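Survey of secondary and tertiary structure
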Amino acid sequence: MIIEIDGYSHSALITGKKCTKKQLREKYFHAKKHSGDLNNFPDLFCRMHHFDRISYDSEIEADFVIDMDTDRIYQPSY
């Protein structure tokens, strides 16, 4: 599963074990609760939930997008 983390100052792609939107939401808020610096959030999320960061490429289609500005998690329509 590929997730795009979209924030005000950065975008990141991470990959990990497939999960539901509800499970992803729980993981997101758990990591956000422990994150002091949102610029390091993708790395913290990966460490906490056994995901891996991959090189950002706008051509890669993500299964979910986490919009960190609005805390919204959605499936993009390509």
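One can find the structure itself at the top, above this paragraph.
A short tour of the structure in this document, coming up. (Residues numbered from 1 in each chain as written. Predicted model: local features only at pLDDT ≥ 70, side-chain atom pairs only at ≥ 80, totals over all residues. Heavy atoms only, no water.)

1. Focus: the nonpolar core
In plain terms, the rule: Joining through side-chain atoms within 4.5 Å is the link that ties buried Ala, Val, Leu, Ile, Met, Phe, Trp, Tyr and Cys residues into a set, and such a set is a nonpolar core. Remark: exposure states derive from per-residue accessible area (1.4 Å probe, protein chains only) relative to the maximum for the residue type, with buried under 20%, exposed over 50%, and partly exposed in between. Strands here are runs of E lasting at least two residues and helices are runs of H or I lasting at least four, both read from the DSSP assignment and numbered beginning at the N terminus. Note on definitions: a residue-residue contact is assigned when non-hydrogen atoms from the two residues lie within 4.5 Å.
Counting residues in each nonpolar core, the largest one holds 16 residues, and the members touching the most others are Ile3, Ile5, Ile14, Leu24, Phe41, Phe45 and Ile66. Breaking this core down by element, the ones donating at least two residues are strand E1 (2–6), helix H1 (21–33), helix H2 (41–49) and strand E4 (64–67). In this structure Ile5 touches His10, Ser11, Ala12, Ile14, Phe41, Pro42, Ile66 and Met68, once residues within four positions along its chain are discounted.

2. Topic: the sheet that holds strand E3 (residues 52–54)
Where strands meet in a sheet, backbone hydrogen bonds hold them as pairs that are either parallel or antiparallel. What counts, and what does not: Between any two strands, pairing holds if DSSP finds at least two bridges. Only the contacting stretch of a helix is used when fitting its axis, a line to C-alpha atoms as for every element, and angles between N-to-C directions run 0 to 180 degrees.
Pairing within the open sheet is mixed, and its 5 strands lie in the order E3-E2-E1-E4-E5. Only two strands of the sheet have a single neighbouring strand rather than two, namely E3 and strand E5 (72–74). Neighbour-to-neighbour, the strand axes of this sheet turn through a mean angle of 25°, independent of strand direction. The sheet contact formed by E4 and E5 spans 3 bridges and is antiparallel. Bridge pairing in E5 places Ile66 opposite Ile73. In this fold H2 packs onto E1, strand E2 (11–15) and E3, with an angle of close to 140° to the strand it touches most, E3.

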